Amino acid sequence: MKTAEVPYAADAEVSLSFDELYVLRTQYEKELAQSHVTTQTMFNYAWGLVKSPVREDQLQGVQLLAEIYRSEPKRRRECLYYLALGHYKMGNFDEAKSFNSRLLEREPANLQAQSLDTLIDTAVKREGYIGMAIAGGAAAVGTLLLAGLVRRATRK
């Protein structure tokens, strides 16, 4: 399913420009150098990293969001969606589903979470089909090898 069919999950495919991410990174690093990073700066930077097309950025964004989630109970709700999104973008569908389900438990009418849930389910199905195709291909190769061995054994 394309994101265009699920408009509220646009974050799943829309990235920040490198310039926009640079601004967020610069602010974060400035505060880090001063030994005091505000939760808002950390969240903004994590948000930008999760939206990046670069897996290492996404991973760092998820790590920062997890830190906020653990240390700032008042910010948990807003972290849940982006934790789910980050895991979805990295292909960690079980973790994405877990975080997104927690958000949907709190906010069943949240359209972003509903559409992300659809994207996660579609990705899990697609991954399942790929797994079945690989298993089917391996079984076919195994059958051909076994048939070749049996044929060779019966000729002797």
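The coordinates are above.
This structure is a prediction, so every number in the text was calculated from the model and none was measured.

(A) Seen up close, the pattern of salt bridges. Following the criterion strictly, the structure yields five salt bridges and no others. Ionic pairing is found between Asp57 and Arg25, a salt bridge with its closest N-O pair at 3.8 Å. Taken as a pair, Asp57 in helix α3 (residues 55-71) and Arg25 in helix α1 (residues 18-33) lie far apart in primary sequence, 32 residues in all. Residue Asp57 is classed as buried on the basis of its relative accessible area, which comes to 12%.

(B) Geometry of the nonpolar core. Within the largest apolar cluster, 35 residues are counted, with the highest numbers of intra-cluster contacts made by Leu65, Tyr88 and Leu116. At the level of elements, α1, α2 (39-50), α3, α4 (76-90), α5 (93-106) and α6 (111-155) are the ones that each hand at least two residues to this core. For this core, the leading source of residues is α4, giving nine residues.

(C) Quick peek at the packing of α4 against α5. For the pair α4 and α5, the least separation of the axes is 7 Å and the interaxial angle reads 155°. In this view, α4 runs roughly antiparallel relative to α5, as classed from their interaxial angle. The chirality of how α4 crosses α5 is left-handed. Contact residues: α4 offers Arg76, Arg77, Leu80, Tyr81, Leu83, Ala84, His87 and Tyr88, while α5 offers Phe93, Glu95, Ala96, Phe99, Asn100, Arg102, Leu103 and Arg106. In terms of residue class, the contact of α4 with α5 is built from nine nonpolar, two polar and five charged.

(D) Spatial organisation of the packing of α2 against α3. Taken N-terminus to C-terminus, the directions of α2 and α3 make an angle of 145°; their axes are 7 Å apart at the nearest point. The chirality of how α2 crosses α3 is left-handed. Contacts between α2 and α3 pair Thr39, Met42, Phe43, Tyr45, Ala46, Leu49 and Val50 from the former with Asp57, Gln58, Gln60, Gly61, Val62, Leu64, Leu65, Glu67 and Ile68 from the latter. In terms of residue class, the contact of α2 with α3 is built from ten nonpolar, four polar and two charged.

Conventions used here
- Residues numbered from 1 in each chain as written.
- Predicted model: local features only at pLDDT ≥ 70, side-chain atom pairs only at ≥ 80, totals over all residues.
- Heavy atoms only, no water.
- Salt bridge = Lys/Arg side-chain N within 4 Å of Asp/Glu carboxyl O.
- Helix = DSSP H or I, 4+ residues; strand = E, 2+ residues; numbered from the N terminus.
- Buried < 20%, exposed > 50% of the residue type's maximum accessible area, 1.4 Å probe, protein only.
- Core = buried A, V, L, I, M, F, W, Y, C linked by side-chain atoms within 4.5 Å.
- Axes fitted to C-alpha atoms, helices over the stretch in contact; angles between N-to-C directions.
- Parallel < 35°, antiparallel > 145°, perpendicular 65-115°, else oblique.
- Left-handed = near helix turned anticlockwise from the far one by under 90°.
- Contact = heavy atoms within 4.5 Å.
- Nonpolar A, V, L, I, M, F, W, Y, C, P; charged D, E, K, R; others polar.

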